[in-house]
Amino acid sequence: MAVALEKSAPLTGVRKISRRAVVAAILVAWLVLFAIFRGKQTLTLAAADLTDVHRWFNDVNDSIGANRNSNPLFLYFFNEIRLVIDNLVTFIQDLISQPSAGRPVPQIGWLGVVGIAGYVSWAVGNWRVALLAVAGFTFLGLQGLWQESMDTLALTVSAVFVALLFAIPLGVWAGLSDRVNRILTPFLDFMQTMPTFVYLAPLTLFFLIGGASATIATVIYAAPPAIRITAHAIRSVPETTVEAADSLGATRRQALLKVLLPMSKRTVVMGVNQSIMAALAMVTIAALIDAPGLGKTVVQALQSLDVGTAFNAGLAIVVMAIVLDRVTTAASAREEAARRSGSRFLTWRRPLLAAGGVVTAVLVYLSHTYVWAAEFPGEGGIGSSIASTADTATTWAQDNLSGITNAFRDGITTGLLNPFQSLLTDSPWWLVGVVLIALGAVLGGWRAGATAAVCVGLLVGTGVWSDAMTTLASTVVATVLVMVLGVVFGVWMGRSLLVDRMLRPTLDAAQVMPPFVYLVPFLALFGATRFTAIVAAIVYAAPVAIKIIADGVRAVPETTVEAATSTGCNTWQIITKVQLPMSRSALTLATNQGLIYVLSMVVVGGLVGAGALGYDVVAGFSQGQLYGKGLAAGLAIVLLGVMFDRITQAAARRVSA
Amino acid sequence: MTPTQTEVPQRRGMPQDSDGTPVISVRRLWKVFGPKADRVPESEELCGLTRRELMDRTGCTAAVRDVNFDVRKGEVFVVMGLSGSGKSTLVRCLTRLIEPTAGELVFEGEDIRDADGRRLRDLRRRKFSMVFQHFGLLPHRRVVDNVAFGLEIRGMSKAERTKQALEVVELVGLAGYENSYPDQLSGGMQQRVGLARALAGDPDVLFFDEPFSALDPLIRRDMQNEVIRLHHEVGKTMVFITHDLSEALKLGDRILIMRDGKMVQCGTGDELVGAPADDYVREFVKDVPRGDVLTLRWIMRPAEPDDALDGPELGPDVVVKEATRAVLAADKPVKVVENGELLGIVGDEEILAVVAGQEGGA
């Protein structure tokens, strides 16, 4: 690779101009050939039709199902894992969410859980987040979603527990050893590139549908950020400090325990935060494979287009996300705050903590013993009024705003989406394939071209080529819109600190929210269409792109902008001739991330009428004979993701080289 | 470019007990980074290449090439060079924070290249300590705990190490700050913490890796004076790395000048200024005020028959600057006398050539 780059370096001046021309030529050739071959060899497949591959997947599924209890690999490996995870989940569910041990209620009732939540938040964070936690959890009860919330919490907690059990030691190891880091990085890259919800399907193959699979999927999803951040934290301890400890004769163990771990504690807690947020997002999505909790409520409501209920449950997810996020963020900031606040407070802290512990224990006992403290009182009246308000608002919006929203929707759909989609789906498959490979090679180099070729081949093999092209059309349209938003807001934020300060918290909040939640309001506004899914994907992906571009624009050296101003550039010229060209690598990275985020919403979009691959996956979960097709569709999503990730990353490397 | 080791016996401010056995003795030390680094010091042909050629031929970088020197007990030995000259690598090789590629490293009669992990840790805990350019303090510990860190590593009890640390905190002038955290202190004070941490273990040798380069000029001067004061008070052997010639001349009993990993010259400050080994050193010392560094030994001329020999007497190691007034005030040339023997004489001419030459940058 390095050699290839070096060789091409002197040519870049010539190549850059011609590359644009080559891309244009490819597109023109595509259009011409499209006009000739339109509608031929498009590999369309009706919704209920299957290919041999899909039947083979079904057979594999059946045979695994049949041999689950006889095959040694299952008997001694997968089943054991499932058993352990299942026990853990059931244990926590028995504690806080499900009736257990012959009792009509869980071991710890709502009062106890609220008490524990408040106490823990106070102990690891501060009293403000403790109040937030108490208020938040109580609100969940008032919404009439106590048990669902606790199921979600139980799954999240057990998944995070298992994830951290592996992630933190692995992260420390990867932080200490370059070799381990080199081995882990591609795996982590792959796990994070892979569209989020895709590995649900293969997991059900091994771990059956239900809580265990959901937890394992969540562990897989939640571990990478914690591993990465822990390794990063260990690595960013200044070298001099480690050297100083060495020069004083510290053993490796001493250096680890007294220098590296204490100095990276804060960042590691941020990793825990990331891990928890990822877990919560995944646990709600895992409703697709029958995981209990709030996600299930949302999915069922979405499937029956019951916006009010979906909104109520979505709100509960948001509340839980906010509570978990704030508490863990406060925990990572605590360290310093406590240290600075002086010793007087510290001497009081211990007895106060002990007293709080006693109070919490009393609350737990009460909630274990008395029904009023065990079952959340009231009928969840607030929840139903939230739901009916949401319904009313939806009806109002549909009655009064439908002119605007429909015009907008139809404009985008007919103006952009439909032509592009028909270009992709009505072209012969080999034409699209050649175009993809050629674009990959031109933009990202021969390696990216080769990856594209392999992916195209495999996509054809999955038997869902036509659906993949439909999804690709939506994805590209969504990504283009994401980039438009990204450039507009990113440049605005990058140029103005004030705008940055105003927008950034909103963007951060949007990223914290589980992707599910986005669907609900847009479902209300736009109904169940492809467009709804696209808008939800845009809202999900835009914050990342905006932030990356804003950071890129901000990173342009002040002096360069000053120099441009002093030569008499106006604002528009500064943006187009200095700031955007100089943040080119940020733009490419934003495109990459935007695409991956959009792709990971495809499955979610399948719930609200996006059709194509997303629908195939969702249908595969619910209908046995479509299982194989769903699996193939999931695979196709991964292939699309890998292809575009490779191409954009190669292009990004080119830009920065 | 053979290193010159000018031998001029008996110099002012010489360490009291230079009984001949050096504390640290470095012979043929090499540090080569890169693939199969071992072969470079072994091959005569590769040794002869310049850095650039070596890089092109083997992909290796020779950071330290065939360095030899002795550090005497109680002296301040300065290694000076510009960035990339290999001086920081050299000092790390001395404590094996970086593993040398070849050569001998004898410390108090023991070749520490043979020391195993345990012995090396023991040496680091009790015999050496190091002060770093960027301090390397632990942000999550108070000053006193930072200072006590080395003692903690040794396994000393909390009460004892805190007591010892507090004494050192006092010694470096940080009394009153022992409960602060490093980031609440200025750069100069943070480096005092670094200094205290190095002193706390009562080591035999202190290594300084450009300790004051990150500090403001005024604070740097304070800290240099602090090192001089501490050297007087505790009398440790010190190896001091710097890129600043005036710092080297101010602190160093002897100075080793490095360039591209090789030693160019090793000697006292007045030797470097008075007899630069090559153009590189000459260029380096060009702007040094010669009157501040040179002694009478360097400017005296042999007495000629018509010289009046009844002028005042001065020793050969008196610095020119300090002798100026006496020489100019006397109406006869000053005799330079050592142990009753007349070495030469210094007249107005000689003094003025140095003092006036300063302005011209001669």
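Residues numbered from 1 in each chain as written. Chains lettered and ligands numbered in written order. Predicted model: local features only at pLDDT ≥ 70, side-chain atom pairs only at ≥ 80, totals over all residues.

In the annotation of an unreviewed UniProt entry, the entry for chain B reads Glycine/betaine ABC transporter ATP-binding protein, and the organism field reads Streptomyces aurantiogriseus. Under the Sequence similarities (unreviewed entry) heading, UniProt states for chain B: "Belongs to the ABC transporter superfamily." (UniProt positions renumbered as here; feature names shortened; annotations may be inferred.)

Chain A has the name Glycine/betaine ABC transporter permease in an unreviewed UniProt entry, where Streptomyces aurantiogriseus is given as its organism.

J.: Would you take a moment to explain the interface of chain B and chain A for this structure?
T.: A common way to express how large an interface is: the accessible area buried when the components associate. With 18 residues of chain B in contact, the opposing surface of chain A contributes 15 residues. When contributions to the side of chain B that touches chain A are tallied by element, the ones reaching two or more residues are helix H5 (117-126), strand E7 (128-131) and helix H7 (149-154) of chain B. Looking at the side of chain B that touches chain A, the element that brings in the most residues is H5(B), giving 4 residues. Across the side of chain B that touches chain A, the residue classes break down as 8 nonpolar, 6 polar and 4 charged. (Contact = placed C-beta atoms within 7 Å. Helix = DSSP H or I, 4+ residues; strand = E, 2+ residues; numbered from the N terminus. Nonpolar A, V, L, I, M, F, W, Y, C, P; charged D, E, K, R; others polar.)

J.: Can you walk me through the sheet that holds strand E6 (residues 110-111) of chain B in this structure?
T.: Each strand in a sheet pairs with its neighbour through backbone hydrogen bonds, running either in the same direction (parallel) or in the opposite one (antiparallel). Residue and element names in this part refer to chain B. Read from one edge to the other, the open sheet built from 4 strands follows the order E3-E2-E5-E6, with strand pairing classed as antiparallel. Each of the sheet's edge strands pairs with one partner strand only, and the pair in question is strand E3 (61-71) and E6. By the bridge criterion, 2 bridges tie strand E5 (residues 102-107) to E6 in an arrangement that is antiparallel. Within E6, the position partnered with Phe107 by the bridge is Glu110. Relative to E3, helix H4 (residues 87-94) is tilted by about 60 degrees, and along the sheet it contacts strand E2 (24-33), E3 and E5. (Pairing = 2+ DSSP bridges. Axes fitted to C-alpha atoms, helices over the stretch in contact; angles between N-to-C directions.)

J.: Teacher, can you tell me more about the packing of helix H20 (residues 465-495) of chain A against helix H28 (residues 612-622) of chain A here?
T.: What describes two packed helices is the angle between their axes and the distance between those same axes. Residue and element names in this part refer to chain A. H28 packs onto H20 with a crossing angle of 120 degrees between their chain directions and a minimal axis gap of 6 Å. By the criterion of interaxial angle, the relationship of H20 to H28 is oblique. Where H20 abuts H28, its residues Asp467, Ala468, Thr470 and Thr471 lie against Ala612, Leu613, Gly614 and Asp616. Counted by class, the contact of H20 with H28 contains 3 nonpolar, 3 polar and 2 charged residues. (Parallel < 35°, antiparallel > 145°, perpendicular 65-115°, else oblique.)

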